[in-house]
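# Coordinate inspection notes
Listed below, chain by chain, are the residues.
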Amino acid sequence: MAAYTVVMENLKERAEFMKESMHKSQTITDNMISILGSFDHRLSALETAMRPTQIRTHSIRKAHENIDKTLKVAESILAQFDLARQTEAKILRGPHEDLESYLEAVNQLRSIVKFFSSTKGLKSSIGMINHASNLLAKSVLKLEEEFRQLLTSYSKPVEPDRLFDCLPQSLRPSTGSPSKGDGTGMKEHQRSLETVVYHPPALIPPRILPLLHELAQQMIQAGHQQQLYTIYKEIRSSVVEQSLRKLGVERLGKEDVQKMQWEVLEAKIGNWIHFMRISVKLLFAAEKKVSDQIFEGQDSLRDQCFAEVTANSVAVLLSFGEAIAKSKRSPEKLFVLLDMYEIMRELQSEMDIVFGSKYCSEMREAAKVLTDRLAETAQETFVDFEEAVEKDATKTSVLDGTVHPLTSYVINYVKFLFDYQSTLKQLFGDADDGNSKDQLGVITTRILQALQSNLDGKSKQYKDPALTQLFLMNNIHYIVRSVRRSEAKDVLGDDWVQIHRRVVQQHANQYKRISWSKILQTLSVQGVSTAGSGSFTGEVTSSNSGISRSTVKDRFKTFNMLFEEIHQRQSQWTVPDSELRESLRLAVAEVLLPAYRSFIKRFGPMIEGGKNPQKYIRYTPEDLERMLAEFFEGKTWKGP
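Residues numbered from 1 in each chain as written. Predicted model: local features only at pLDDT ≥ 70, side-chain atom pairs only at ≥ 80, totals over all residues. Heavy atoms only, no water.

### Points about the overall build of the chain
Stated formally: A run of H or I in DSSP counts as a helix once it spans at least four residues, and a run of E counts as a strand once it spans at least two, with each numbered from the N terminus. Categorising residues by exposure relies on relative accessible area from a 1.4 Å probe, with only protein chains included: less than 20% of the type maximum marks a residue as buried, more than 50% marks it as exposed, and the intermediate range marks it as partly exposed. Throughout, a residue-residue contact means that at least one pair of heavy atoms, one from each residue, lies within 4.5 Å. For accessible areas, the Shrake-Rupley method is used with a probe of radius 1.4 Å. Any residue's cover is judged against the shown protein chains and nothing else.
Of regular secondary structure, the chain possesses 22 helices and 0 strands. The burial tally for the chain puts 44% of its 640 residues in the buried class. Intrachain contacts of the chain at a sequence separation of at least 6 include 82% that bridge at least 24 residues. A total accessible area of about 34,700 Å² is found for the chain, and carbon and sulfur atoms account for 52% of it.

### Focus on the nonpolar core
Convention followed: Buried residues of nine kinds, namely Ala, Val, Leu, Ile, Met, Phe, Trp, Tyr and Cys, make up a nonpolar core once their side-chain atoms join them within 4.5 Å.
Counting residues in each nonpolar core, the largest one holds 161 residues, and the members touching the most others are Phe147, Trp272, Ile294, Tyr511, Trp516, Phe563 and Leu592. For this core, the element with the most residues is helix α9 (residues 262-294), which contributes 15 residues. Setting aside chain neighbours within four positions, we find isoleucine 294 in contact with Phe147, Leu151, Leu209, Leu212, His213, Ala216 and Tyr232.

### Re the confidence of the model for the chain
Which entries qualify depends on this criterion: Confidence scores labelled pLDDT are given residue by residue by the predictor and lie between 0 and 100.
Summary statistics for the chain give a mean pLDDT of 80 and a share of 70% for residues scoring 70 or more. Across residues 78-83, confidence stays below pLDDT 50; counting only partners more than four residues off in sequence or on other chains, it has 8 contacts. Confidence over residues 528-544 falls short of pLDDT 50; this stretch has 25 contacts with residues more than four positions distant or in other chains.

### Quick notes on unusual backbone geometry
If you check the backbone angles, phenylalanine 632 has positive phi at about 65° while not being a glycine. Structurally, phenylalanine 632 can be placed in the segment after α22 (621-628). The buried category is assigned to phenylalanine 632, whose relative accessible area is 1%.

### So, the packing of aromatic side chains
Worth spelling out the cut-off: To pair, rings of Phe, Tyr and Trp, with the six-membered ring standing in for Trp, must have centres within 6.5 Å; the planes then decide the type, stacked if under 30 degrees apart, edge-to-face if over 60, and tilted in the middle.
Considering all chains together, one arrives at 21 aromatic pairs under this definition. Relative to phenylalanine 471, the ring of tyrosine 462 lies with its centre 5.3 Å away and its plane at 55°, an arrangement referred to as tilted. What makes tyrosine 462 buried here is its relative accessible area of 15%.

### Details of the packing of α9 against helix α10 (residues 299-326)
Selection criterion: Only the contacting stretch of a helix is used when fitting its axis, a line to C-alpha atoms as for every element, and angles between N-to-C directions run 0 to 180 degrees. Throughout, the term roughly parallel applies to angles under 35 degrees, roughly antiparallel to angles over 145, roughly perpendicular to angles from 65 to 115, and oblique to all others. All residues other than Ala, Val, Leu, Ile, Met, Phe, Trp, Tyr, Cys, Pro, Asp, Glu, Lys and Arg, Gly among them, are scored as polar; the first ten of these are nonpolar and the last four charged.
Contact geometry for α9 and α10: axes closest at 11 Å, N-to-C directions at 175°. Regarding the angle of α9 to α10, the classification is roughly antiparallel. Taking contact as the criterion, the partners of Leu265, Lys268, Ile269, Trp272, Phe275, Met276, Ser279, Phe284, Glu287, Lys288, Ser291 and Asp292 in α9 are, on α10, Arg302, Phe306, Val309, Thr310, Ser313, Val314, Leu317, Leu318, Phe320, Gly321 and Ile324. Here the residues of the contact of α9 with α10 are counted per class, giving 13 nonpolar, 5 polar and 5 charged.

### A few points about the environment of lysine 368
Looking at where lysine 368 falls in the secondary structure, it is placed in helix α13 (residues 361-391). C-alpha separation for the pair lysine 368 and methionine 344, spaced 24 residues apart in sequence, amounts to 8.3 Å.

### Section: the packing of helix α14 (residues 405-417) against helix α17 (residues 465-484)
For clarity, the threshold we go by: Should the near helix be turned anticlockwise from the far one by less than a right angle, the crossing is left-handed, and should it be turned clockwise, the crossing is right-handed.
Remark: α14 packs on α17, axes separated minimally by 10 Å, with the N-to-C direction vectors making an angle of 15°. Taken as axis vectors, α14 and α17 run roughly parallel relative to one another. When you trace α14 past α17, the crossing you get is right-handed. Across the interface between the two elements, Thr407, Ser408, Ile411 and Lys415 from α14 touch Asn475, Tyr478, Ile479 and Ser482 from α17.

### Digging into the pattern of salt bridges
Cut-off, in case you're wondering: By convention in these notes, a salt bridge is any Lys or Arg side-chain nitrogen within 4 Å of a carboxyl oxygen on Asp or Glu.
Scanning all chains against the criterion turns up 25 salt bridges. Put simply, glutamate 287 and arginine 236 hold a salt bridge, and the shortest N to O gap is 2.7 Å. Highlighted residues: glutamate 287 in helix α9 and arginine 236 in helix α7 (residues 225-247), separated in sequence by 51 residues. Judged by relative accessible area, arginine 236 falls into the buried class, the value being 1%. With a closest N to O distance of 2.5 Å, glutamate 633 and arginine 585 form a salt bridge. Remark: arginine 585 occurs in helix α21 (residues 578-608) and glutamate 633 occurs in the segment after α22; sequence separation between them is 48 residues.

### Points about α14
The following threshold applies: Residue count minus one, scaled by 1.5 Å, sets the expected span of a helix. Taken from the helix axis, the directions to the C-beta atoms give the arc we talk about.
The end-to-end C-alpha distance of α14 is 18 Å, a good match for the 18 Å that 13 residues give at a rise of 1.5 Å each. Those residues of α14 not exposed but buried are Leu406, Thr407, Val410, Ile411, Tyr413, Val414 and Leu417. Buried residues in α14, looked at end-on, bunch into an arc of 155°, giving them a common side.

### Here's the deal with a positive patch on the surface
Quick note on the threshold: Surface patches are defined over residues having more than 30% relative accessible area and no salt bridge, joining like charges when they lie within 9 Å and nonpolar side chains (Val, Leu, Ile, Met, Phe, Trp, Tyr) when within 5 Å. Counted charges follow a simple rule, with Lys and Arg positive, Asp and Glu negative, and His plus the chain ends left uncounted. A single reference atom marks each charge: NZ on Lys, CZ on Arg, CG on Asp, CD on Glu.
Where like charges cluster on the molecular surface, the positive patch consists of Lys415, Arg484, Arg485 and Arg501. Inspection of the secondary structure assignment puts arginine 485 in the loop between α17 and α18 (488-492). According to the relative accessible area criterion, arginine 485 is exposed, its value standing at 66%.

### Concerning the side chain of serine 330
Rules: Any pair of nitrogen or oxygen atoms within 3.5 Å is treated as a polar contact; in protein, a donor-acceptor pairing is required on top of that, and neighbouring residues in sequence qualify only through side-chain atoms on both sides.
Within the secondary structure, serine 330 sits in the loop between α10 and α11 (334-346). Overall, the relative accessible area of 14% leaves serine 330 in the buried class. One polar contact links serine 330 to glutamate 332, side chain to side chain, over a distance of 3.1 Å.

### Notes on α21
We count it as follows: The seven residues ending at a residue and the seven starting there each receive a fitted axis; the angle between those axes is the bend at that residue.
In a regular helix each residue adds 1.5 Å, so 31 residues correspond to 45 Å; α21 covers only 39 Å between its end C-alpha atoms and thus falls short of that length. Of all bends in α21, the biggest is about 45°, found at arginine 602, and the proline proline 605 comes one to four residues later. Looking at where α21 begins, the residue whose side-chain oxygen comes 3.3 Å from the main-chain nitrogen of glutamate 579 is aspartate 577.

### Observations concerning the side chain of histidine 224
When you line up the elements, histidine 224 lands in the loop between α6 (209-221) and α7. Not counting the four nearest positions on each side in its chain, histidine 224 is found in contact with Val140, Leu141, Glu144 and Met219.

### Some remarks on the environment of glutamate 390
When you line up the elements, glutamate 390 lands in helix α13. Classification of glutamate 390 by relative accessible area gives partly exposed; the value is 43%. In this structure the C-alpha to C-alpha distance between glutamate 390 and arginine 446, which are 56 residues apart in sequence, comes to 9.7 Å. Setting aside anything within four residues of it in sequence, one finds glutamate 390 in contact with Ala450, Ser453 and Asn454.

### Section: the environment of glutamine 379
When you line up the elements, glutamine 379 lands in helix α13. C-alpha of glutamine 379 to C-alpha of leucine 338: the two residues are 41 residues apart in sequence and 9.7 Å apart in space.

Structure representation (structure tokens):
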């Protein structure tokens, strides 16, 4: 308890000390506040005394700043007035002396209008704006006229020789005119067109294009886009059309095409193929470069102008192709149709690039329609040709049994087909799921079957059945030999060749049987009553018993008569292939001569001992061999 009392007393003493200390601190604080308050009162009095001086100083400084700003504005306004006077002088002089300086003046004039439009507080601003605007209006008219004159001056039709010089060497006409060529003589070159580089000509000098571009930009800024479009279309479209006319392009329709002789039409088609290549790869490509540079940065206007400039020229070119595709079909047109289809396919990628904008969509579509129509017409012509071959009723006859003109025509036709394998692959690949090789084989087989069917019919026109067989032998042999020596063999196959070689042999055997079996029967020792059963073996029995001298004489007389008749007739027949001709002669000699020698050896003595033996034994075996060598030479025909 005592300890607790002590502690409490200590705490009380400390509390009293702290209270006393705090009282002293408050007194000091009050004194300081009193002193600071005195200072604040003195400072306020001082500030009040100095405020008028500060206000005057600030006003003077602000006035100086305003004066400086006003002087600068005045200077800039005066500078704009001075620039306006200089610009006006340039504008009034016109663009002819210095176009670049004139264009610079027009830009300065626009900046002057912009300047005064932002300083409308000045009384002179409105007047200056009106004056500058009037000058701008005049300057744009001068720019429009300058654009027209400059574009006209440097827009000249391209001479054909200049275009030909831009072609790869192998495609340049040797005589300087495509009409002198055949139009399709570039086929070997076309097989490697991927490696060919074309160099479109510069239609407008490179130094002029930037000026035309700047003029076009100024007109667009001035809101004269429609005038620009009209001028450009009028000048450039006329130049493109003139270039094509100089090249030889004509506007021809279906009626014009129908009236033309085939030789004339064929030449025009060849030229058209040449013109299409030149137009798309050179002329139109160069024209696109011109519009791209003049209207750079103005995509819509650029594409619209190019489309309008080329539309009519493209239409003229495609109209001829359409006229051919729609004209009456005939077999001879197939290859020019394939040529035309080929060039349209070749140019498709260029067409898509050069005429790639939405404004050229009609031209792209027209080109595609033409390509499809050419393909359709070509396919229909294949069918027409097959039917024409099978039903050919030409009165042309080959009295000597040689190869018929129809056969050589059809075979040449088939050979030409295989010059177009890549084209036919595209043609039938589009229509037959890419099975083009098989399709070509089917078409070729059908054409050759139609030909053989027609030849069978023509062979029946001969009164002599032996000549029928010789005719078929000659023609089938010609077909087989031609196939073996052409690319058709790869499509038709070895089996086809072997089968038809056997057909040739069958006709040769039939010829020998019909022509020589009867005469060989006269050399048989069999009696007359059994002679009809003789064969083409030439066999003679070893016995001459039962054969009288008179019978032997009759046999020799009959042999002489038959052989002379055959010799006279068949020396006028023709086997045009030398190997086949010699083979056929040898086959006859191999059976005739041994039979004749055997007959003379056995029965000759019965005649030689009598009167006038030469009357019956007219020919030696050597004579027969010499006369056989005269067979199938196609001597002058004296009648069937």
